[in-house]
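These are the residues of each chain, in order.
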Amino acid sequence: MSEQGAPTYVGLIGWPVAHSRSPAMHNAAFRALGLNWHYLLLPVVPEDVGDAVRGIRALRFAGCNVTVPHKQAVVPFLDEVSPTARAIGAVNTILNRDGRLMGENTDAEGFLRALREAGFEPRGQQALVIGAGGAARAVVYALLRAGANVWLTNRTQARAIALAEAMQGVGHTPPRLVPFARQAVQTTLETVSLLVNATSVGMVPHTEAVPLPEGVRLPAHLTVNDLVYTPRQTRLLRLTADAGARPVDGVGMLLHQGAAAFEQWTGHPAPLDVMRAALEDALRHS
Ligand code: ATR
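Just so we're clear, the structure is a prediction, and the values are computed from it rather than from any experiment. (Residues numbered from 1 in each chain as written. Predicted model: local features only at pLDDT ≥ 70, side-chain atom pairs only at ≥ 80, totals over all residues. Heavy atoms only, no water.)

Participant: Mind laying out the pairing of strand E11 (residues 223–226), listing which residues take part and the relevant values?
Facilitator: Residues Thr223 and Asn225 of E11 are buried on one face, and the alternating residues Val224 and Asp226, pointing to the opposite face, are buried as well. Looking at chain direction, strand E10 (residues 194–197) and E11 are connected through 4 bridges and run parallel. Residue pairing across strands places Leu195 opposite Val224, the latter belonging to E11. In terms of strand pairing, E11 meets strand E12 (residues 246–248) through 3 bridges, oriented parallel. Each residue of the ladder has a partner; that of Thr223, found in E12, is Arg246. Regarding topology, helix H8 (residues 235–242) serves as the crossover connection from E11 to the parallel E12, and that connection is right-handed. (Buried < 20%, exposed > 50% of the residue type's maximum accessible area, 1.4 Å probe, protein only. Helix = DSSP H or I, 4+ residues; strand = E, 2+ residues; numbered from the N terminus. Pairing = 2+ DSSP bridges. Right-handed = clockwise from strand over helix to strand, strands pointing away.)

Participant: Please set out the sheet that holds strand E7 (residues 126–130) residue by residue, giving values where relevant.
Facilitator: Ordered in space as E9-E8-E7-E10-E11-E12, the 6 strands form an open sheet in which the pairing is parallel. Across the chains shown, the open sheet's two edge strands, defined by having one partner strand only, are strand E9 (176–177) and E12. Those strands touched by helix H7 (residues 182–191) are E7, strand E8 (149–153) and E10, and its axis lies near 145° from that of E7. (Contact = heavy atoms within 4.5 Å. Axes fitted to C-alpha atoms, helices over the stretch in contact; angles between N-to-C directions.)

Participant: Got a sec to walk through the site of the ligand? Specific residues and values, please.
Facilitator: All residues in the neighbourhood of the ligand are listed as Gly131, Ala132, Gly133, Gly134, Ala135, Asn154, Arg155, Thr156, Arg159, Thr199, Ser200 and Val201. Within the contact set of the ligand, an oxygen atom lies 2.9 Å away from a backbone nitrogen or oxygen of Gly134. Contacts to the ligand include Arg159, whose side-chain N or O atom sits 2.8 Å from an oxygen atom. Across the complex, the protein chains shield 65% of the 640 Å² of accessible surface that the ligand would expose by itself. Residue composition of the shell around the ligand, grouped by class: 3 nonpolar, 7 polar and 2 charged. (Near = heavy atom within 4 Å. Polar contact = N/O pair within 3.5 Å; in protein donor to acceptor, adjacent residues only side chain to side chain. Areas by Shrake-Rupley, 256 points an atom, 1.4 Å probe, with all protein chains shown as cover. Nonpolar A, V, L, I, M, F, W, Y, C, P; charged D, E, K, R; others polar.)

Participant: Pulling in residues and values, what's your account of the sheet that holds strand E4 (residues 80–81)?
Facilitator: Strands sit in the order E2-E1-E3-E5-E6-E4 across an open sheet of 6 strands; the sheet is mixed. The two strands at the open ends of the sheet, each matched to only one other strand, are strand E2 (37–43) and E4. By the bridge criterion, 3 bridges tie strand E3 (residues 63–66) to strand E5 (residues 93–97) in an arrangement that is antiparallel. Bridge assignment links Gly63 to a residue of E5, and that residue is Leu95. Against the sheet, helix H1 (residues 22–32) contacts strand E1 (8–14), E2 and E3, and its axis sits at roughly 165° relative to E2. With respect to the sheet, helix H9 (residues 251–266) is in contact with E1, E2, E3, E5 and strand E6 (100–104), its orientation differing from that of E5 by roughly 5°.

Participant: Give a detailed account of the packing of aromatic side chains, specifying residues and quantitative values.
Facilitator: What the rule picks out here adds up to 4 aromatic pairs. Plain terms: the ring middles of Phe30 and Trp37 are 5.5 Å apart, the flat faces sit at 45° to each other, and that makes the pair tilted. For Trp37, a relative accessible area of 15% puts it in the buried group. A network of ring pairs unites the aromatic residues Phe30, Trp37 and Phe262 as a single cluster. Of note, Arg176 hangs over the ring of Trp151, and the distance from its end group to the ring centre comes to 4.2 Å. (Phe/Tyr/Trp six-rings, centres within 6.5 Å; stacked < 30°, edge-to-face > 60°. Lys NZ or Arg CZ within 6 Å of the ring centre and 35° of its normal.)

Participant: A description of the nonpolar core should follow, citing residues and the corresponding values.
Facilitator: Most often, soluble globular proteins have nonpolar side chains that are buried together. By size, the foremost hydrophobic cluster in this structure holds 32 residues, and its most contacted members are Phe111, Val129, Val140 and Leu143. Among the elements of the structure, helix H4 (107–117), E7, helix H5 (134–145), E8, helix H6 (157–166) and E10 are those that each provide at least two residues to this core. Ranked by the residues each element gives to this core, the list is headed by H5, at 8 residues. Among residues more than four places away in sequence, those in contact with Leu143 are Phe111, Leu115, Pro122, Ala127, Val129, Ala148, Val150 and Leu194. One finds Val10, Leu12, Val251 and Ala259 within the second-largest nonpolar core, a separate group that totals 21 residues. (Core = buried A, V, L, I, M, F, W, Y, C linked by side-chain atoms within 4.5 Å.)

The structure is reproduced here in structure tokens:
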């Protein structure tokens, strides 16, 4: 129920949120479709998460995106959480369906759409994922559901073990652990066809950092998807190109997780070209 002709609001709950490119991407899409919708930045400190989520209902927002550090904290305040979001253990999108708040996760879907758009079909492939945080959980879930065999490595092995355990039963085989050490990672890279960096290593301001153990060489047969998008061209992706392997940057996942949220909120197909151009423009001017 909304007032005739009244604007519809969505936004991003997080702390901090000022750096986000999501308003540029979504507002461009709303304009392109002639929708009187508006995407707002909603900085919310951790102790206010419950009030903020209840506010979605009270203020009749159509929904929200959720980012760090609230992706898990919003869950107790929602009426329902999708099986995907529950398996990943994080909500990045809330939908307000006539006052019922539904938690979704579009990161996994966004990652898969971006990978496929880059020409990589994960079904039946071997993939090595680096990382064990929220991004890694979405990627591992997506790859397992898409029928890939997943190898997992992380600086802190206990977190990789916890992630692998949480993903039991998602694919036909659980993720296999690889010690975060030069020889073990090198051997794995010789057998996999996809490497995904799901850590924050290489992000500004530490742009010279590479998420691999010292001395690891990238084989030329690899596709390397770095989820870091600031900078767009990370050192890992430069090394990938230098090795004759195929780099895939992190902008695609950012775009497609947004497009999937847009589609769920509005019911319209996302105007991908408009969203991509707005996103790239926002990234260039930051
Ligand atoms: P997110 O939810 O964005 O994935 P996170 O939960 O903080 O963020 O996880 C960050 C990931 O980057 C983790 O896998 C982390 O490794 P640890 O589990 O060992 O902390 C990884 N990471 C961050 N800084 C790192 C560094 N300097 N070297 C190696 N891994 C790093």
